[in-house]
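Survey of secondary and tertiary structure
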Amino acid sequence: MSERNSGTGAIVGGGAIYSLGIIGAWFWFWSQVDQFWGYVWAIVEGLFWPAFMVYDLFAFLHH
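Residues numbered from 1 in each chain as written. Predicted model: local features only at pLDDT ≥ 70, side-chain atom pairs only at ≥ 80, totals over all residues. Heavy atoms only, no water.

Let's shift gears to the UniProt feature "transmembrane region" (unreviewed entry) in the protein. According to UniProt, the positions carrying the feature "transmembrane region" (unreviewed entry) are residues 7-30 and 36-61. Between the C-alpha atoms that bound residues 36-61 the distance is 38 Å, and the span itself is 100% helix and 0% strand. (UniProt positions renumbered as here; feature names shortened; annotations may be inferred. Helix = DSSP H or I, 4+ residues; strand = E, 2+ residues; numbered from the N terminus.)

This paragraph deals with the packing of aromatic side chains. Ring pairs (aromatic) are described by centroid distance and by the angle formed between their planes. The final tally for this structure, using the stated rule, is two aromatic pairs. A centroid spacing of 4.4 Å and a plane angle of 45 degrees characterise the contact between W30 and Y39, whose relative ring orientation is tilted. Judged by relative accessible area, which is 26%, Y39 ranks as partly exposed. Aromatic side chains F36 and W37 sit 4.9 Å apart centroid to centroid with 75 degrees between the ring planes, which places their arrangement in the edge-to-face category. In terms of burial, F36 and W37 fall into one category: exposed. (Phe/Tyr/Trp six-rings, centres within 6.5 Å; stacked < 30°, edge-to-face > 60°. Buried < 20%, exposed > 50% of the residue type's maximum accessible area, 1.4 Å probe, protein only.)

Have a look at this one:
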């Protein structure tokens, strides 16, 4: 029984790129702080920064 490729490779590839963006953002934000709450905020910022970057990119490309 042969199944067709359902396109999950693109989803996995996108997740890998997004994960690299999160890790890169964590390294950047982590190196910029020196207090406990700064580290907590760096973790939160690192999670959402790639999403805002992609949103801003699409907004720029739309105009």
